[in-house]
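Remarks on the overall topology
One letter stands for each residue in the lines below.
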Amino acid sequence: MMLRKKDLLGLKDLTKEEIEDILDNTAAMKEAFVSGETLDSLKGKCVATLFYENSTRTKNSFETAARFLGARTLSISVATSSVQKGESLIDTGRTLDALMTDIIVIRHSMAGTPALLAKNVRSSVINGGDGMNEHPTQSLLDLFTMREKFGTIKGLKVVMVGDIKHSRVARSNLWALGKLGAETTVVAPQTLLPKGVEELGCEVSYDLESAVAGANVVMGLRIQLERQKAGLFPSISEYGDEFGITRDKLVACPDALIMHPGPVNRGIEITSEITDGANSVINEQVTNGVAVRMAVMDMLMSDAV
Amino acid sequence: MSILIKGGKIIDSGEVKADVLIDNGRIVRVGDIPESEATTVINAAGKLVMPGLVDMHCHLREPGFEHKETIDTGSRAAIYGGYTSIACMPNTNPVIDNAAIARYVSMRGKEADGARVYPIGCITKGQKGEELAEMGKMKDAGIVAVSDDGKPVMNSRVMRNALEYAKTFNLLVIDHTEDANISGDGVVNEGVNATIAGLRGISRAAEEIGIARDIVLAETLDARVHIAHVSTAGSVELIREAKARGVKVTCETCPHYFSATDEEILSYNTNAKINPPLREQSDCDAVIEGIKDGTIDVIATDHAPHSADEKNREFDLAPFGTVGFETALSLAYTYLVDSGEIDMPALVELMSHTPARLLGLPVVHIKAGMMADVIVFDPDASRTVRAAELHGKGKNCLFDGWMLKGRVEHTIVGGDLKF
């Protein structure tokens, strides 16, 4: 299986078929990963992680996935690299090209940065999260997890609650879930909703309790504490009361799958009871993340041959 | 050297077919003139002969940012767009907030081999929005208006004093209106396209609150105020209502606010990162309506050159602005005249006569005795804009690759055929 693209920048540019191909390939990769069987489809290749923002799970997930496919990995820590000496993103990318890198996984606080890098380097670029734009592999692992549980994405009712405005996970999921035929609802105070979000094909609600009626999946998003300082909501306590995922608010969907991209602010956006409850797949999401990243890298590289 | 422009159609307050003879820096005769009377003859059959354009809003970057543009390169780029006079904004380094810098820019303008260059001085010292700059001394040194362009004067008391004080010297105050608390760290128009691209939005309210404030101040003080680069439907409506009440408010827009929308940012094209940001089609339509009914007085370029490295970087970090000298007339012709919204004499009013009048510069008509700032424009030529072929230093052109109608064929400044 292959992806007829040099880069994976986001899900808004992928077709339904391309997304489904990735999910199909993920199933095979997961089998290998959980059985501890290493593969060699990236043998002789080099995968660099270039993270301008902190991350534990995404970076480790990509590096684990790359090694499982037999690749060398190169980790550029921005804090100690020449970026601190003022090297531009494009120059850093070209340096990685010259080090014979095949894939650059980039995370950056600014939207569109992976696209800029991709335009200026020979290596394949995978977006590991760019500002408020996209986090395609996170969304793919979410989709894979849903498909594993329900058999199909089509017709699922998915509710996402939290800081939709600043969330790249929400955006990637809105694109992909729409393409695959799920019904999505976003729930947030109006200050944490981006303008025109309903034009992306989702329902909008300000009341979690009623929005989750009949939901198959309830996904919490991380709330960043600095949003309160920016005046977007009055207090963490009020946010938790109104938009936190609690047992009381899930009465209308007792069996819904509980997802969260992590890291979780326990007791704020989601209670510990729900995080650790029987319906929570938050830790499975992490395992599936490795499989999905194996699948994406495998497919980008088989295209390159 | 005398120049005869033969066989063209003269566009001024009306349209008439006639030859134009230029000698010694002046238009000496308009009528049926034999070729033998001039040393140089320009065949203008099928072409339009118009007063040179006047740009009341551009950035020439000198002193301080000569890697982006210089007064010389900017003034030469301007003539390829049909501009014979340009007024440059003071957000240089150092800023033009005193007579010495104003005099330097004027002098460098006189040395430049292109359009006439007139400096605009700051409203406040250091463009800090706190203390008034020495408007009187700067006027003696050649400034034609004051503006803190690029930055709004956020403090309403300072703006009030500026409007009153500038009246003393009959200086036009040009305000870049923007409530900085609302625009914050936004980089594109707030709307569905910002949401799609994941870029931080700037609400229309940022621009409109500033305009509303300025209108109230101008009305209260019976002072003039000129609003820079109007970009939203709400702004047009605020100014329309104020003019109807007799408030002394004038305004300008730029070609990109009636020809381009924020869809341009979906590809993270940093040349589409402009302040105020490109808006939506309904705003473009409202701007065109404002041009048609006289709410909008002037089309200016907001020519904002930057180096390639500065623009080829993260969208959030790239500077705002597109170059505009060499595309403005073709864009205005394509989107306003060829599309049937306005006629050519109205365009001359918007791009030459009114800006000249607002800045106190000579208003050029194509008739005997006038200063010979004249251009020849071919309305039938079509062109594909190629950023790499532009004459200015900055190649950051939003319109790269666009097909436009109409092309400037010749520009004459003070009787000199510049090209």
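Residues numbered from 1 in each chain as written. Chains lettered and ligands numbered in written order. Predicted model: local features only at pLDDT ≥ 70, side-chain atom pairs only at ≥ 80, totals over all residues.

1. Points about the overall build of chain B
- When helices and strands are counted, chain B shows 13 helices and 20 strands.
- Relative to its length of 419 residues, chain B is compact, with a C-alpha radius of gyration of 20 Å against a globular reference of 22 Å.
- Each of the three principal axes of chain B carries a C-alpha extent, and together these read 65 × 45 × 45 Å.
- For chain B, with 419 residues in total, the buried portion stands at 59%.
- A separation threshold of at least 6 residues defines the contact pool for chain B, and within that pool the share at least 24 residues apart is 76%. (Helix = DSSP H or I, 4+ residues; strand = E, 2+ residues; numbered from the N terminus. Rg over C-alpha atoms; globule rule 2.2 N^0.38 Å. Buried ≥ 20, exposed ≤ 12 C-beta atoms within 10 Å, placed from the backbone. Contact = placed C-beta atoms within 7 Å.)

2. Notes on the environment of Ile196 of chain B
All names here are of chain B.
- Residue position: Ile196 is located in helix H6 (residues 192-197).
- We classify Ile196 as buried; it has 22 C-beta atoms within 10 Å.
- Linking Ile196 and Ile265, residues 69 residues apart in sequence, is a C-alpha distance of 9.9 Å.

3. Overview of helix H2 (residues 99-111) of chain B
Residues and elements named next belong to chain B.
- End to end, H2 covers 18 Å across 13 residues, agreeing with the expected 18 Å (1.5 Å per residue, within 8%).
- When H2 is considered as a whole, its buried residues turn out to be Ile101, Ala102, Val105 and Gly109. With its buried residues spanning 105° around the axis, H2 presents them on a single face. In H2, the exposed positions angled more than 90 degrees off the buried face are occupied by Ala100, Lys110 and Glu111.
- Buried positions along H2 lie against helix H1 (71-80), strand E9 (83-88), strand E10 (116-119) and helix H3 (135-140). (Expected span 1.5 Å × (residues − 1). Arc of directions from axis to C-beta.)

4. Focus: the domain arrangement of chain A
All names here are of chain A.
- Domain parsing of chain A yields domain 1 (16-134 + 286-304) and domain 2 (136-281).
- Relative placement of domain 1 and domain 2: their C-alpha centres are 26 Å apart.
- With 19 residues of domain 1 in contact, the opposing surface of domain 2 contributes 17 residues.
- Taken together, the elements giving at least two residues each to the side of domain 1 that touches domain 2 come down to helix H1 (16-34), strand E4 (124-130) and helix H11 (282-304).
- For the side of domain 1 that touches domain 2, a count of residues per class yields 6 nonpolar, 8 polar and 5 charged. (Domains from an automatic or database assignment. Nonpolar A, V, L, I, M, F, W, Y, C, P; charged D, E, K, R; others polar.)

5. Comments concerning the interface of chain A and chain B
- Taken residue by residue, the interface counts 21 residues in chain A and 15 residues in chain B.
- Taken together, the elements giving at least two residues each to the side of chain A that touches chain B come down to helix H3 (89-98), helix H4 (113-120) and helix H6 (168-179) of chain A.
- Take the side of chain A that touches chain B: its biggest share by element is 3 residues, from H4 of chain A.

6. Overview of the domain arrangement of chain B
Residue and element names in this part refer to chain B.
- Segmenting chain B into domains produces domain 1 (2-48 + 370-393 + 403-417) and domain 2 (52-359).
- A C-alpha centroid distance of 27 Å is found between domain 1 and domain 2.
- The partner domain 2 presents 31 residues to the 24 residues of domain 1 that form the contact.
- At the level of secondary structure, the elements contributing two or more residues to the side of domain 1 that touches domain 2 comprise strand E18 (374-384) and strand E19 (403-413).
- Looking at the side of domain 1 that touches domain 2, the element that brings in the most residues is E19, giving 7 residues.
- A per-class count over the side of domain 1 that touches domain 2 returns 11 nonpolar, 6 polar and 7 charged.

7. Details of the packing of H3 of chain A against H4 of chain A
Residues and elements named next belong to chain A.
- For the pair H3 and H4, the least separation of the axes is 9 Å and the interaxial angle reads 50°. Here H3 lies oblique to H4, going by the angle between them. Crossing of H3 over H4 shows right-handed handedness. From H3, Leu89, Ile90 and Gly93 reach across to H4, where they touch Thr113, Leu116, Leu117 and Asn120. (Axes fitted to C-alpha atoms, helices over the stretch in contact; angles between N-to-C directions. Parallel < 35°, antiparallel > 145°, perpendicular 65-115°, else oblique. Left-handed = near helix turned anticlockwise from the far one by under 90°.)

8. A few points about the sheet that holds strand E8 (residues 53-58) of chain B
Residue and element names in this part refer to chain B.
- Reading across from one edge, E8-E9-E10 is the order of the 3 strands in this open sheet, with parallel pairing throughout. In this open sheet, the two edge strands, each paired with only one partner strand, are E8 and E10. Pairs of neighbouring strands in the sheet enclose a mean axial angle of 20°, with direction left out of account.
- Direction of pairing for E8 relative to E9: parallel, over a ladder of 4 bridges. Looking across to E9, one finds that Cys58 is bridged to Cys88.
- Against the sheet, helix H13 (residues 344-359) contacts E8, E9 and E10, and its axis sits at roughly 60° relative to E8. (Pairing = 2+ DSSP bridges.)

9. A look at the environment of Arg4 of chain A
- Structurally, Arg4 of chain A can be placed in the segment before H1.
- Separated by 86 residues in the primary sequence, Arg4 of chain A and Ile90 of chain A place their C-alpha atoms 24 Å from one another.

10. A few points about the sheet that holds strand E4 (residues 19-23) of chain B
All names here are of chain B.
- Pairing in this open sheet of 4 strands is mixed, and the strands run E5-E4-E1-E6 from one edge to the other. Two strands lie at the open edges of the sheet, namely strand E5 (26-31) and strand E6 (40-43), each paired on one side alone. When the angles between neighbouring strand axes are averaged without regard to direction, this sheet yields 20°.
- Bridging between strand E1 (residues 2-6) and E6 involves 4 bridges; their strand directions are parallel. By the bridge assignment for E6, Leu4 is matched with Val41.

11. Thoughts on the nonpolar core
- Ranked by internal contacts, the top residues of the largest apolar core, which has 234 residues, are Val159, Val217, Val218 and Met297 of chain A together with Val49 of chain B.
- It is H11 of chain A that provides the largest number of residues to this core, a total of 11 residues.
- Those residues in contact with Val218 of chain A, other than ones at most four positions away along the chain, are Val159, Val161, Val212, Ile245, Leu250, Cys253, Ala256 and Ile258 of chain A. (Core = buried A, V, L, I, M, F, W, Y, C linked by C-beta atoms within 7 Å.)

12. Overview of helix H12 (residues 328-337) of chain B
- Counting buried residues in H12 of chain B gives 9 out of 10 residues, a clear majority hidden from the surface.
- Within H12 of chain B the residues assigned to the buried category are Ala328, Leu329, Ser330, Leu331, Ala332, Tyr333, Thr334, Tyr335 and Leu336 of chain B.

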